[in-house]
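These are the residues of each chain, in order.
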Amino acid sequence: MSKSLIACAIDNKECAVVRLKTSGDNGYSLNECKTFSLGLDDLSSGRGQRLLNKLDNHLKEWPDEELALCIGPKSYHPLPASFPSNASNEKCREYCQIEARYFLRQPEKYDCDWSSYGDVKSGSHETKMLFFYPGEPGRRASEHLAANHRMVFNGTPQLPLLHLSKFTQEAQVILELEENYLLLMISRDGRIEKISCREVTNRKELQTVAIGELIDNPVFRETEVQVTGTMANKSMIRLIQKETSLTVKPLSIPPSIPINNPGKFSITSAVTVKAISTALMALDEQKEPAI
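Note that the structure is predicted; figures quoted are calculated from it, not measured.

Looking now at the pairing of strand E4 (residues 67–71). By the criterion of burial, E4 is predominantly enclosed, with 5 of the 5 residues buried. Burial along E4 is two-sided: the face carrying Leu 67, Leu 69 and Ile 71 and the face carrying Ala 68 and Cys 70 are both buried. Pairing of E4 with strand E8 (residues 151–155) involves 4 bridges; the strand directions are parallel. Residue pairing across strands places Leu 67 opposite Met 151, the latter belonging to E8.

Next up on the list: the pattern of salt bridges. Side chains that differ in charge, positive against negative, can pair when their charged atoms come close. Here the structure, examined in full by the defined rule, presents 13 salt bridges. Of the charged contacts in the structure, one is a salt bridge between Lys 3 and Glu 66, with a shortest N-O distance of 3.0 Å. Here Lys 3 is found in the segment before strand E1 (4–10), whereas its partner Glu 66 is found in the loop between helix H2 (48–59) and E4, with 63 residues between them in sequence. For Glu 66, a relative accessible area of 13% translates into the label buried. In this structure, Lys 91 and Glu 94 form a salt bridge, with 3.6 Å as the shortest nitrogen-oxygen distance. With Lys 91 and Glu 94 both in helix H3 (residues 89–103) and 3 residues apart, the pair spans about one turn of that helix. According to the relative accessible area criterion, Lys 91 is partly exposed, its value standing at 40%.

Rules of the game
- The residue numbers shown here count from 1 along each chain, following its written sequence.
- Totals for whole chains, interfaces and linings use all residues, but because this is a predicted model, local features are given only for residues with pLDDT of at least 70 and pairs of side-chain atoms are given and counted only at 80 or more.
- Based on all heavy atoms of the structure, the side-chain values leave hydrogens and waters out of the count.
- Each residue gets one of three labels from its accessible area relative to the maximum for its type: buried under 20%, exposed over 50%, partly exposed in between, using a 1.4 Å probe on protein chains only.
- Counting from the N terminus, the helices are DSSP H or I runs at least four residues long and the strands are E runs at least two residues long.
- For two strands to be treated as a pair, DSSP must find at least two bridges joining them.
- When a carboxyl oxygen of Asp or Glu lies within 4 Å of a side-chain nitrogen of Lys or Arg, that pair is called a salt bridge.

Structure below.
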């Protein structure tokens, strides 16, 4: 039996809403894809209600469907931590709260995503990568949307983008370039292999740090580097490609993902890729095991 849900991704400058449906045994069908030129910056300002009203008006077409929400924050504070193997999500959330009290000055102002990290687990503990990020204004948006839709995911783009690596044979490399930080993540088969997060103060520093992160690592010679973020314009991509001699391209959906109507909508913008990856992750997590 097919299943569908809606996903919303909110970036700094824009947001996207998609509706994805399972098709056949392993395929998907994209039934809706719309972008709005309102984003996190608007949500943080007096225009926040305008964005929420636009989303409400669009989402009311599917009042009974589940919603997966992904919001790109203004900053990340990654932290590796050791958790007991096979800990439930509830327990992991408790462990994240404990780590936050030691790691952050005002832990109550932060939320956290977490994922498997490094070598495959062995023994009684497993290494996790914790992504702490400012809770607002994302909490306001999630509370507003949850009033009309059951929320099946509420977090940052990190876990949805990590999920895409399950559909690629080679390592997945994603470089995020924002006004005040750089985040580089290498993943394979849904597991983070390496991550680097650096704060920056200006465009020149961002360029220098990005090129330095890429230039000496041999894994980047084996695969392409996907670049996303507010600062990832064409000139930045050309500069990185020139200085590193690597294959650099904008963030995209892996061609191996079987979406049976890819030409029906434009799915090339980064925020749309994040919305689709969020929907994919949420649907895959709900799939019943084969009998």
